Amino acid sequence: AQSVTQPDIHITVSEGASLELRCNYSYGATPYLFWYVQSPGQGLQLLLKYFSGDTLVQGIKGFEAEFKRSQSSFNLRKPSVHWSDAAEYFCAVGARPGAGSYQLTFGKGTKLSVIP
Amino acid sequence: GAGVSQTPSNKVTEKGKYVELRCDPISGHTALYWYRQSLGQGPEFLIYFQGTGAADDSGLPNDRFFAVRPEGSVSTLKIQRTERGDSAVYLCASSLGQPTGANVLTFGAGSRLTVL
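The structure reproduced in this document is the subject of the present report. Bear in mind that the values here come from a model prediction, so they are computed numbers and not experimental data.

1. Some remarks on the state of the cysteines
Residues and elements named next belong to chain B. Evaluated as defined, the whole model comprises two disulfides over all chains. Disulfide partner of C23: C92, at an S-S distance of 1.9 Å. Taking the sign of the torsion about the S-S bond as the criterion, the disulfide between C23 and C92, at about -70°, is left-handed. One end of the pair, C23, is in strand β3 (residues 19-24); the other, C92, is in strand β9 (residues 88-95), with 69 residues separating them in the sequence. Considered together, C23 and C92 belong to a single accessibility category, that of buried residues.

2. Some points on the packing of aromatic side chains
The relative placement of two aromatic rings is captured by the distance of their centres and the angle of their planes. All chains considered together, the criterion is met by 16 aromatic pairs over all chains. Considering the side-chain rings of Y36 of chain A and F106 of chain A, the 5.8 Å spacing of their centres and the 55° angle between planes classify their relative orientation as tilted. Note that Y36 of chain A is positioned in strand β5 (residues 32-38) and F106 of chain A in strand β11 (residues 104-106), a separation of 70 residues in sequence. Residue classification places Y36 of chain A among the buried residues on the basis of a relative accessible area of 0%. Looking at F106 of chain A, the relative accessible area reads 8%, which means it is buried. On the basis of an interplanar angle of 75° and a centroid distance of 6.1 Å, the ring pair of F106 of chain A and F107 of chain B is categorised as edge-to-face. Here F107 of chain B lies in strand β10 (residues 106-107) and F106 of chain A lies in strand β11, a pairing that spans two chains. Neither F106 of chain A nor F107 of chain B differs from the other in exposure class; each is buried. By way of ring pairs, the aromatic residues Y32, F34, Y36, F51, F90 and F106 of chain A together with Y33, Y35, F45, Y48 and F107 of chain B are connected into one cluster. When the ring centre of F51 of chain A is taken as origin, the NZ or CZ atom of K49 of chain A, which lies over that ring, is 5.8 Å away.

3. A closer look at the nonpolar core
In summary, soluble globular proteins display a tendency toward joint burial of nonpolar side chains. Formed by 26 residues in total, the largest nonpolar core has its most connected members in L19, W35, L47, L48, F74, L76 and Y89 of chain A. When residues of this core are traced back to their parent elements, those giving at least two are β2 (10-14), β3 (19-21), β5, β6 (44-50), β8 (64-68), β9 (73-78), β10 (87-94) and β12 (110-115) of chain A. Sequence-distant contacts of L48 of chain A, defined by excluding residues within four places in its chain, comprise L33, F34, W35, V57, Q58, G59, F63, E64, A65, F74 and L76 of chain A. Listed in part, the 20 residues of the second largest apolar core include V4, L60, A67 and L113 of chain B.

How each quantity is defined
Residues numbered from 1 in each chain as written. Chains lettered and ligands numbered in written order. Predicted model: local features only at pLDDT ≥ 70, side-chain atom pairs only at ≥ 80, totals over all residues. Heavy atoms only, no water. Disulfide = S-S within 2.5 Å. Helix = DSSP H or I, 4+ residues; strand = E, 2+ residues; numbered from the N terminus. Buried < 20%, exposed > 50% of the residue type's maximum accessible area, 1.4 Å probe, protein only. Phe/Tyr/Trp six-rings, centres within 6.5 Å; stacked < 30°, edge-to-face > 60°. Lys NZ or Arg CZ within 6 Å of the ring centre and 35° of its normal. Core = buried A, V, L, I, M, F, W, Y, C linked by side-chain atoms within 4.5 Å. Contact = heavy atoms within 4.5 Å.

Written as structure tokens, this is what we have:
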């Protein structure tokens, strides 16, 4: 069964500083990988996804993520954080065709606080 | 509609009562998902519909939970004999319905259920 670990429950950064949120997954092959963001009272919004090809993927709001097969990781990065980035971030994995599963498996999330 | 709509946004009920939560997906999206997000956790898969049928209900925790989608659009999640442990945010998502984990889900804002 697939699983996702986000080791950091809460991260605080200063506005303008760089950010890296960690995500490790467990899956028998290369899964589909996603990062979602959830602001208070809002639904989850897709930031970016990795299906295949270039292991560095660009997303919305200046975010990027790098897939590293050897480390089973898909860490999210942003070079300069804005106060509006304060939210909760979820990494998720989806199974490849033939696995008989259509569900996404989410990590427990990392809450990001931004200091002005 | 433009997005996924969920009603009610908040529901407070007493232990043992019956509740219904409604989801109106994006027009044209054939796939519909229900997830449950407990406090401090990531979303957990409950059920997936492709059209009118439940293609995967493996995430429903027990037989008190049931979901329908009679016309392939609006879905209702039904919870009988509610328990305090059912308190959570229930998220609905829809997608164009590729039968793989590559579906890009659009989430609603959720229905927060509190069981007293």
